[in-house]
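Read off the chains here:
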Amino acid sequence: MAIAPEQTLQWVGDSKGHLSLIDQTLLPTQLQPADCHTVEAVWEAIKVLRVRGAPAIGIAAAYGVCVGIQTLDFCTASHAQLRQRIDEVTSYLATSRPTAVNLFWALERMSGKAKSLSEAEFSVKQIADALLQEAKSIHDEDRAMCHAIGQHGAELLFDGMGIITHCNAGGLATSEYGTALSLFFTAQDQGKELTVFVDETRPLLQGARLTAWELLRRNISTVLICDNMAAQVMREGKAQVVVTGADRIAANGDTANKIGTYGLAILAQHHGIPFYVAAPSNTFDLNLESGDLIPIEVRTDEEITNGFGRQTGPEGVATYNPAFDVTPANLIAGIVTEKGVISPVNNENILQMLQS
Ligand code: MRU
């Protein structure tokens, strides 16, 4: 049964409007919007993962610029004041999270849009309107890219397949079908029956709270497993493929994604199971030669010792909480983009696909 996609992000009103997003920290028990009327509220929503997932972070940041410039009166502010404010809000939003390159890509695109409009021809109000239009275009393009990723990637899936996925790369992490989950939704639209084993994804449980929720809403056979069960699932022959999303892909194909992805890729190789990444072209960072250069976010001790309101580690214990890891390109069978599947994964094939 087809159901309406989640409204992960929505702009409400005109250029003086606001961003409304599904507060993902409340899922799976409450489906509630959080309204962001200030750039600080957008920054906080990204920081604490009310909105998360690389493409959704980028879209939220683009709308964040539109919210941030509202401190100006568009009728009386000067072009210089607008320029200064755009610089302030983009620099500020860039400090929210470091790993997903879509954030920086979207902020650069918003600044670029403002710079492209001649101050002699466009009023401050017209530039503010154009920035909102640009954020909406980023949002719409993401929707289209996710659907195209699904079309290319569904070819890799066959009826009756068992799949393992990690974290959440679905509609909640993007604007609609998602990246990794788009393959499953599209395969389902084609009449294929799949069973998806969902890693719970410690410590913040994006797999359990978000991916399992999305898959169940779309009637896909869903089996929730703890992260440390994937090897056994593979060994028992229950999964024939692994598909995840990505937060940043270096020029050589090394891929940063949620912590635990690298281990899953090693397990897949050991069991002779292909490991695929699904991501739009704005998740590639061709400025970085390899994954060693990708900044990895390190989050707080409490996420490990006091997750979801219960103390699970002794007082004062040291922790290490990297939120992402890097899977080397040689463990990745293919990267599914909106333009097609890159395989084998190497510099040349990546460049060729992105320039096509
Ligand atoms: O910390 P998160 O929840 O933002 O991490 C998200 C992921 O790692 C996703 O797999 C990735 O962003 C791809 S989303 C299409």
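Residues numbered from 1 in each chain as written. Predicted model: local features only at pLDDT ≥ 70, side-chain atom pairs only at ≥ 80, totals over all residues. Heavy atoms only, no water.

### Looking at the overall build of the protein
A count of helices and strands for the protein gives 11 helices and 14 strands. For 356 residues, the compact-globule estimate of 2.2 N^0.38 gives 21 Å, and the C-alpha radius of gyration of the protein, at 20 Å, lies within 12% of that figure. Expressed along its principal axes, the backbone C-alpha trace of the protein runs to roughly 70 × 55 × 45 Å. Taken across its 356 residues, the protein has 56% of its residues classed as buried. Here the contacts in the protein between residues at least 6 apart in sequence split such that 75% fall between residues at least 24 apart. Total accessible area on the protein stands at roughly 14,700 Å², and carbon and sulfur atoms take up 52% of it. Side-chain charges in the protein split into 25 positive and 40 negative, and the spacing between the mean points of these groups amounts to 3 Å. (Helix = DSSP H or I, 4+ residues; strand = E, 2+ residues; numbered from the N terminus. Rg over C-alpha atoms; globule rule 2.2 N^0.38 Å. Buried < 20%, exposed > 50% of the residue type's maximum accessible area, 1.4 Å probe, protein only. Contact = heavy atoms within 4.5 Å. Areas by Shrake-Rupley, 256 points an atom, 1.4 Å probe, with all protein chains shown as cover. Lys, Arg positive; Asp, Glu negative; His and termini not counted. Charge placed at Lys NZ, Arg CZ, Asp CG, Glu CD.)

### Re the domain arrangement of the protein
By a widespread convention, an interface's size corresponds to the accessible area lost as its parts come together. One can read the domain layout of the protein as domain 1 (9-146) and domain 2 (152-354). If you average the C-alpha positions of domain 1 and of domain 2, the two centres end up 26 Å apart. Contact residues are listed per partner, giving 29 residues for domain 1 and 35 residues for domain 2. Here domain 1 packs against domain 2, burying approximately 2,500 Å² in sum over the two surfaces, 55% of which is carbon and sulfur. Run the count over domain 1 and domain 2 and you get 2 salt bridges. (Domains from an automatic or database assignment. Buried area = accessible area lost by both parts, 1.4 Å probe. Salt bridge = Lys/Arg side-chain N within 4 Å of Asp/Glu carboxyl O.)

### Section: helix α9 (residues 261-270)
Those residues of α9 lying buried are T261, L264, A265 and A268. Buried residues of α9, viewed axially, fall in a sector of 100°; they line one side. (Arc of directions from axis to C-beta.)

### Observations concerning the packing of helix α3 (residues 79-93) against helix α5 (residues 124-154)
For the pair α3 and α5, the least separation of the axes is 10 Å and the interaxial angle reads 30°. Taken together, α3 and α5 sit at an angle that is classed as roughly parallel. Here α3 and α5 pass one another in a crossing that is right-handed. For the pair α3 and α5, the contacting residues are H79, L82 and I86 in the first and V124, I127 and L131 in the second. Taken together, the residues of the contact of α3 with α5 break down into 5 nonpolar, 1 polar and no charged. (Axes fitted to C-alpha atoms, helices over the stretch in contact; angles between N-to-C directions. Parallel < 35°, antiparallel > 145°, perpendicular 65-115°, else oblique. Left-handed = near helix turned anticlockwise from the far one by under 90°. Nonpolar A, V, L, I, M, F, W, Y, C, P; charged D, E, K, R; others polar.)

### A few points about the pairing of strand β10 (residues 275-278)
Taking every second residue as pointing to the same face, both faces of β10 are buried, with F275 and V277 on one and Y276 and A278 on the other. Inspection of the sheet shows strand β7 (residues 241-244) paired to β10 by 3 bridges, in the parallel sense. Pairing of V243 across the sheet is with Y276, part of β10. The pairing of β10 with strand β13 (residues 334-337) spans 3 bridges and is classified as parallel. Each bridged residue has a counterpart across the sheet, and for A278 the counterpart in β13 is V336. (Pairing = 2+ DSSP bridges.)

### Brief notes about the site of the ligand
Contacts to the ligand come from 19 residues, most closely from R52, A54, R97, N257 and K258. At a separation of 2.8 Å, an oxygen atom of the ligand approaches a polar side-chain atom of R97. Within the side chain of N257, an N or O atom sits 2.7 Å from an oxygen atom of the ligand. Contact with the protein chains covers 100% of the free accessible surface of the ligand, which is 420 Å². Of all elements in the fold, only α2 (54-68) and β9 (255-258) reach the threshold of two or more residues within the shell around the ligand. Classifying every residue of the shell around the ligand by side-chain character gives 8 nonpolar, 7 polar and 4 charged. Shared between two domains, the shell around the ligand takes at least three residues from each, and those domains are domain 1 (9-146) and domain 2 (152-354). (Near = heavy atom within 4 Å. Polar contact = N/O pair within 3.5 Å; in protein donor to acceptor, adjacent residues only side chain to side chain.)

### Topic: the pattern of salt bridges
Inspection of the entire model under this criterion finds 14 salt bridges. Of the charged contacts in the structure, one is a salt bridge between D129 and K125, with a shortest N-O distance of 3.0 Å. Residue D129 and its partner K125 are located together in helix α5, separated by 4 residues, close to a single helical turn. With a closest N to O distance of 3.1 Å, R143 and E176 form a salt bridge. Taken together, the residues span a long stretch of sequence, with R143 in helix α5 and E176 in the loop between β4 (162-165) and α6 (180-189) at a distance of 33 residues. Given a relative accessible area of 15%, E176 falls into the buried group. If you follow the salt bridges from partner to partner, you end up with R97, E297, R299 and E303 in one network.

### With respect to the packing of aromatic side chains
Scanning the entire structure with this criterion turns up 3 aromatic pairs. Between W43 and Y92, the ring centres sit 5.7 Å apart and the planes meet at 15°, which makes this aromatic pair stacked. Taken together, the positions of W43 in helix α1 (residues 39-47) and Y92 in helix α3 put the pair 49 residues apart, joining distant regions of the chain. Residue classification places W43 among the partly exposed positions, given a relative accessible area of 22%. (Phe/Tyr/Trp six-rings, centres within 6.5 Å; stacked < 30°, edge-to-face > 60°.)

### What to know about the environment of P98
Tracing the backbone shows P98 in the loop between α3 and α4 (101-116). By relative accessible area, P98 is classed as partly exposed at 30%. Placed 57 residues apart in sequence, P98 and A41 show a C-alpha to C-alpha distance of 18 Å. For P98, the contacting residues outside a window of four places in its chain are F104, R248, P295 and E297.

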